[in-house]
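A closer look at the structure
Here's the letter readout for the chains.
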Amino acid sequence: MSVMTQTGTAGAGAAAPVPVLKRPSPYPGWFFLPAAIIYGLLFLLPTVASLYFSLTRWTLFNSTFIGLDNFAQFLREPFLIKGLINTVIYAVVTSGLKVVLGLLLAVLLTSQIAARGYLRSVVFFPVLVSTVGVGITFTVLMHPTNGMINEGLAMLGIKGPGWLTNPSLALYSVALVDVWKGVGLATVIYIAGIVAIPKDYYEAARIDGATKLQNFFYVTLPLCRPATVTVIILSFIGGLRTFDLIWAMTRGGPGFASDTVASVIYKQYQAGFYGLSTAGNVVLFALIAVLVVPLTMLLNRREGHE
Amino acid sequence: MSLVRKYGLSVLAILVSAVVFLIPFAFIIMMAFKDRTQAQLLDFSWPQGFHLWTNIVEVVTTRNWMLLTAFINSSILTVASVTLLVIFAAMVGFVLQRRKTRFNGLIEFFILAGLMIPPAVVPTIWLLQGIGLFGKLHGLILVEVAYGLPFSILLYRAFIATIPRELDEAAIIDGARPFDVFFRVILPLLWPVTVTNIVVQSVAIFNDFTNPLYYLPGNANATVQLTLYNFQSQFNTSYNLLFTNIALITIPPLVVFLFFNRQIVAGMTAGAVKG
């Protein structure tokens with residue numbers, strides 16, 4: 001008990017002066033400790049250390065300070081810049097498609113449609129499947145000559161492209177698979193948002209004689225805005241950080257055509273350029289900060305005005 | 001007319017969903033049934049003969065039962081990480097929601113940072129090497145806990161806000177110590193959100209590929225996702241085995257999906273409504 005009292009007041013004492021005779025706080029500060037130690041040691045400390053090591057040539061055993069050379073290299077080497085541009089394209093394409101398709105599917109799956117439960121399950125299940133497994137499966141399905149997708153297209157008389165072998169297409173093919181796997185999450189988020197809209201709004205719209213299209217644009221769309229914000233931000237961050245799907249499908253190839261920052265980080269790590277790899281981490285961090293923070297503020301501000 | 005339109009849309013939706021979402025899974029299963037020569041054609045055809053069992057035996061026993069070791073490793077990793085995550089996140093969520101101090105803002109900042117910032121990989125490896133945990137399963141367990149904490153804490157904090165403070169106060173008046181207030185009064189009440197946490201984090205950690213790839217190199221302690229990656233190069237000509245492996249490691253998420261669909265959706269959509 002006395003130990004409890006000490007630790008309890010010590011935690012609280014740091015926050016505000018506590019009268020000597022007060023009971024121990026029922027919400028002791030040491031409850032933070034286990035989480036804080038693990039998070040601080042394995043997440044915060046490496047993140048802070050990365051700021052220093054990104055400025056060095058590093059072998060894990062010793063590091064030489066070389067200033068901003070790593071970042072200069074990042075902006076000079078064409079294949080590294082390519083990775084940077086690809087990352088942004090990938091994030092924009094995947095989050096854009098997930099918003100549009102997720103919203104349409106959610107509207108469809110909250111309407112009076114038959115087999116709703118089956119459809120919801122089938123759309124959502126890929127979210128839970130291993131990304132590497134999905135990547136390998138679609139690599140086979142997208143095989144330029146024997147793949148099922150192109151054979152299906154051939155039956156319709158269309159000559160399918162080399163989805164993953166054509167350098168100008170590979171990144172978008174991977175992005176499409178990402179949407180296939182992730183649209184279920186966007187859909188259930190939108191379903192939760194749409195179900196939470198009070199029925200009175202639709203009632204009022206019906207009395208005013210609104211068409212289905214007007215219902216969608218003037219009731220559903222504005223009122224499920226929180227869901228839109230969640231979907232955009234989640235899938236945008238996910239898109240910027242994406243690694244496993246690209247690595248399972250193309251390894252950044254053909255050439256460097258589908259490299260993203262995350263795959264560059266892994267390649268530089270494999271090659272033993274630890275400083276450059278860490279600089280890649282810092283670049284990715286900066287990219288997320290520069291794009292996501294303003295995006296969040298923009299999305300939340302407009303909400304305040306409505 | 002409207003009847004036709006209504007059912008027309010339903011039929012169309014079912015057909016499209018079958019082509020887009022079911023055929024890839026049917027393809028995986030059919031490939032797992034085929035023998036090597038037929039699988040190599042990569043086409044969507046009915047398996048000639050039943051080779052599933054020989055495929056399973058071959059894929060499990062290859063490389064000294066590597067897949068079996070991997071399943072054991074993945075199970076230990078998932079169970080241990082999720083257990084620690086649930087307890088530590090619930091403790092933080094509880095105190096964070098109940099006690100308002102000037103540190104709350106800072107803690108919330110760290111939670112958001114944890115959700116957004118990509119982990120600094122090489123410095124983490126350097127650190128793990130420094131404390132002797134690099135390439136060890138318990139090292140990876142701690143890493144998974146560190147990366148999963150922010151999301152779990154958010155889930156817990158939101159749920160704890162719905163539990164009345166009077167319960168804590170009643171327990172305190174009855175003489176319960178802070179430790180007992182939490183572990184004997186509050187934690188049992190958090191069961192619904194605990195289930196959500198367990199399910200969502202288990203699926204995420206079981207499916208995790210990137211972190212084992214970086215922090216757990218070597219065949220001896222591969223996880224199931226890594227076996228898939230290793231077999232991808234080894235079984236380049238044996239697609240039947242590769243797809244048998246995919247089918248096998250899809251079973252745990254499928255089981256979770258069949259039993260806990262509602263909790264998964266609840267966990268993943270948390271925050272969608274209030275934004």
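Before reading further, recall that the structure is shown in the block above.
Below is a short write-up of the structure. (Residues numbered from 1 in each chain as written. Chains lettered and ligands numbered in written order. Predicted model: local features only at pLDDT ≥ 70, side-chain atom pairs only at ≥ 80, totals over all residues. Heavy atoms only, no water.)

Here the focus is the overall build of chain B. When its secondary structure is counted, chain B shows 12 helices and zero strands. Put simply, chain B runs from its N terminus to its C terminus through helices and strands in the order α-α-α-α-α-α-α-α-α-α-α-α. Its C-alpha atoms give chain B a radius of gyration of 23 Å, more than 25% over the compact-globule value 19 Å for 275 residues. Reported as C-alpha extents along the three principal axes, the dimensions of chain B are approximately 70 × 70 × 35 Å. Residue burial in chain B is summarised as follows: out of 275 residues, 54% are buried. Here chain B has roughly 12,400 Å² of accessible surface; of this, 70% comes from carbon and sulfur atoms. Computing the positive centroid from 16 side-chain charges and the negative centroid from 11, chain B places the two 5 Å apart. (Helix = DSSP H or I, 4+ residues; strand = E, 2+ residues; numbered from the N terminus. Rg over C-alpha atoms; globule rule 2.2 N^0.38 Å. Buried < 20%, exposed > 50% of the residue type's maximum accessible area, 1.4 Å probe, protein only. Areas by Shrake-Rupley, 256 points an atom, 1.4 Å probe, with all protein chains shown as cover. Lys, Arg positive; Asp, Glu negative; His and termini not counted. Charge placed at Lys NZ, Arg CZ, Asp CG, Glu CD.)

So, on to the overall build of chain A. Along chain A, the regular secondary structure elements total 14 helices and two strands. Rg of the C-alpha trace for chain A: 25 Å, well past the compact-globule value of 19 Å for 306 residues, more than 25% over. Its C-alpha atoms put chain A at 80 × 60 × 35 Å along the principal axes. Counting the 306 residues in chain A, one finds 50% classified as buried. Of the roughly 14,100 Å² that chain A leaves accessible, carbon and sulfur atoms contribute 69%. Of the charged side chains in chain A, 19 are positive and 11 negative, and the gap between their average positions amounts to 5 Å.

Bringing a nonpolar patch on the surface into the picture now. Residue and element names in this part refer to chain B. Judged by side-chain polarity, Ile251, Leu254, Val255, Leu258, Phe259 and Phe260 come together as a nonpolar surface patch covering roughly 580 Å² of accessible area. Structurally, Ile251 is set in helix H12 (residues 239-269). For Ile251, a relative accessible area of 43% corresponds to the partly exposed category. (Patch = residues over 30% accessible without salt bridge, like charges linked within 9 Å, V, L, I, M, F, W, Y side chains within 5 Å. Salt bridge = Lys/Arg side-chain N within 4 Å of Asp/Glu carboxyl O.)

All right, on to the packing of aromatic side chains then. The final tally for this structure, using the stated rule, is 40 aromatic pairs over all chains. Considering the side-chain rings of A:Phe125 and B:Phe257, the 5.1 Å spacing of their centres and the 50° angle between planes classify their relative orientation as tilted. Of the two residues, A:Phe125 sits in the loop between helix H5 (116-124) and helix H6 (131-141) while B:Phe257 sits in helix H12, which places them in two different chains. By relative accessible area, which is 10% here, A:Phe125 ends up buried. Residues A:Phe243 and B:Phe209 carry aromatic rings whose centres are separated by 6.4 Å and whose planes lie at 10° to one another, so their mutual orientation is stacked. Of this pair, A:Phe243 sits in the loop between helix H11 (225-241) and helix H12 (244-249) while B:Phe209 sits in the loop between helix H9 (191-207) and helix H10 (210-215), placing the two residues on different chains. Residue classification places A:Phe243 among the buried positions, given a relative accessible area of 4%. In this structure B:Phe209 comes out as buried when scored by relative accessible area, which is 1%. (Phe/Tyr/Trp six-rings, centres within 6.5 Å; stacked < 30°, edge-to-face > 60°.)

This paragraph deals with the packing of H5(A) against helix H8 (residues 170-195) of chain A. Residue and element names in this part refer to chain A. Orientation of H5 relative to H8, taken along the N-to-C sense of each, is 135°, at an axis distance of 7 Å. Of the possible angle classes, the one that applies to H5 and H8 is oblique. Across the interface between the two elements, Arg120, Val123 and Phe124 from H5 touch Val183, Gly184, Leu185, Thr187, Val188 and Ile191 from H8. Split into classes, the residues belonging to the contact of H5 with H8 amount to six nonpolar, two polar and one charged. (Axes fitted to C-alpha atoms, helices over the stretch in contact; angles between N-to-C directions. Parallel < 35°, antiparallel > 145°, perpendicular 65-115°, else oblique. Contact = heavy atoms within 4.5 Å. Nonpolar A, V, L, I, M, F, W, Y, C, P; charged D, E, K, R; others polar.)

All names here are of chain A. Unusually for a residue other than glycine, Ala115 sits at a positive phi of about 60°. A relative accessible area of 34% places Ala115 in the partly exposed class. At Arg251, a residue that is not glycine, the phi angle is positive and equals roughly 50°. You can see Arg251 is positioned in the loop between H12 and helix H13 (261-270).

Moving on, we get to the nonpolar core. One finds B:Phe94, B:Leu149, B:Leu190 and B:Tyr215 to be the most contacted residues of the largest nonpolar core, which totals 172 residues. Beyond its immediate chain neighbours, meaning those up to four positions away, B:Leu149 contacts A:Ala35, A:Tyr39, B:Leu85, B:Phe88 and B:Ala89. (Core = buried A, V, L, I, M, F, W, Y, C linked by side-chain atoms within 4.5 Å.)

So, on to the pattern of salt bridges. All names here are of chain A. Counted according to the given criterion, the structure contains six salt bridges over all chains. For the salt bridge of Lys267 with Asp259, the shortest nitrogen-to-oxygen distance reads 3.0 Å. Given a relative accessible area of 0%, Asp259 falls into the buried group.

Take the interface of chain B and chain A next. With 95 residues of chain B at the contact, the number on the chain A side is 90 residues. Taken together, the two surfaces of chain B and chain A that pack against each other cover about 8,300 Å², and 77% of this comes from carbon and sulfur. By the criterion of area lost to chain A, the three top residues of chain B are B:Phe21, B:Arg99 and B:Met116, representing 8% of everything that side buries. The tally of links from chain B across to chain A stands at zero salt bridges. Where chain B touches chain A, the interface holds 16 residue pairs in polar contact (both at pLDDT 80 or more). Examining the composition of the side of chain B that touches chain A, we find that 15 residues originate from one element, helix H1 (residues 2-33) of chain B, more than from any other. (Buried area = accessible area lost by both parts, 1.4 Å probe. Polar contact = N/O pair within 3.5 Å; in protein donor to acceptor, adjacent residues only side chain to side chain.)

Attention now moves to the side chain of B:Ser10. Looking at the secondary structure, you find B:Ser10 in helix H1. Of note is the side chain of B:Ser10, whose polar atom sits 3.1 Å from the backbone nitrogen of A:Ala114. Beyond its immediate stretch of four places on either side in the chain, B:Ser10 contacts A:Ile113 and A:Ala114.

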